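# Fold and geometry: a report
Each chain, letter by letter, is given below.
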Amino acid sequence: MAVLQQELTLGEAADMLARALPGHRVEILQGRLTATPPPDGSHALSLTKTCRALDRAGIEGSGAEWVQGVGLWLPTLPEDFAIPDLSIVDEDFRDAHVTKNYYAPNVFRMVVEVTSSNWSDDLGPKVECYAQVGIPAYLVADRKHGEVLLYTEPVDGKYPDPERFKRGQSVPVPESVGVHLELPVDTLLDG
């Protein structure tokens, strides 16, 4: 019996993998295909509480919105894209649609990731990719190492060293987001 083999592009492979693994987050970072299982309860609650805090701080009417699971087009390589856990975007972000469910990086004010089994992606390739496309602020709740990292103001495609926050502290949300807010580290790490 003859078997026909067809070579897939990385984008086609990502689409197939996403269909084969419902609930997983499939991304292409620096030309590498990744699939992350669905988040646990603490991860989800961290994001829920962050969104509630953003609402209480008055994000509605500030010119910004928070969205979960929206694709961020990464023009660093032809098929690269990320799907951040949480993004703070310009309220008219839908006008910056690029392809599929991916939006241009210029409408992203801050990206938030809560680490899971793919923690090394959040602390490595995503730091590099988000800096290269000019995301003004990248907040990582690093549950593996028990700290929150805040990267801001990339220069020449690189973030300076992050500010590090430990349990018991709060993280000031950068002005680029458009609201005045401090997020407790314990909530970001534990939900």
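Anything mentioned here points back to the structure above.
Let me sum up the structure you'll find in this document. Residue positions are given per chain, counted from 1 along the sequence in the order it is written. Where local features are concerned, this predicted model is filtered to residues with pLDDT of at least 70; where side-chain atom pairs are given and counted, the filter is 80 or more; whole-chain, interface and lining totals use all residues. To obtain the side-chain values, all non-hydrogen atoms of the structure were included, while hydrogens and water were left out.

### Some thoughts on the sheet that holds strand E3 (residues 64-68)
Taken together, 6 strands build an open sheet; the order of strands is E3-E6-E9-E10-E11-E12 and the sheet is mixed. Every interior strand has two partners, whereas the edge strands, E3 and strand E12 (163-165), have only one. If you compare each strand with its neighbour and ignore which way they point, the axes differ by 15° on average. Across 4 bridges, the pairing between strand E6 (residues 86-90) and strand E9 (residues 108-114) is antiparallel. Residue Val 89 lies in a different strand from E9, and its bridge partner there is Phe 108. We call two strands paired when DSSP finds no fewer than two bridges between them. To qualify as a helix, a DSSP run of H or I must reach at least 4 residues; to qualify as a strand, a run of E must reach at least 2; elements of each kind are numbered from the N terminus. Axis angles are defined between N-to-C directions and span 0 to 180 degrees, where every axis is a line fitted to C-alpha atoms and, for a helix, only to the segment in contact.

### Describing the environment of Gly 61
With respect to the helices and strands, the residue Gly 61 is situated in the loop between helix H2 (41-56) and E3. Buried residues are those whose accessible area, probed at 1.4 Å on protein chains only, stays under 20% of the maximum for their type, while exposed residues exceed 50% and partly exposed ones sit between those limits. Classification of Gly 61 by relative accessible area gives exposed; the value is 71%. Sequence-wise, Gly 61 and Glu 91 are 30 residues apart; in three dimensions their C-alpha atoms are separated by 8.9 Å.

### Some remarks on unusual backbone geometry
Despite not being glycine, Lys 100 has its phi angle at roughly 45°, a positive value. Tracing the sequence through the fold places Lys 100 in the loop between strand E7 (97-99) and strand E8 (102-103). Positive phi is not limited to glycine here, since Asp 156 has a value of about 50°. With respect to the helices, strands and loops of the structure, Asp 156 is situated in the loop between strand E11 (147-152) and E12.

### Structural notes on the pairing of strand E10 (residues 137-142)
Burial analysis of E10 places 6 of its 6 residues in the buried class, the great majority of the element. Side chains Ala 137, Leu 139 and Ala 141 project from E10 onto one buried face, and the interleaved Tyr 138, Val 140 and Asp 142 project onto a second face that is buried too. Bridging between E9 and E10 involves 5 bridges; their strand directions are parallel. If you follow Met 110 over to E10, its bridge partner there is Ala 137. Two elements, E10 and E11, share 6 bridges in a ladder whose sense is antiparallel. Its bridge partner being in E11, Asp 142 is matched across the sheet by Glu 147.

Limitation: the analysis is restricted to geometry and does not speak to function.
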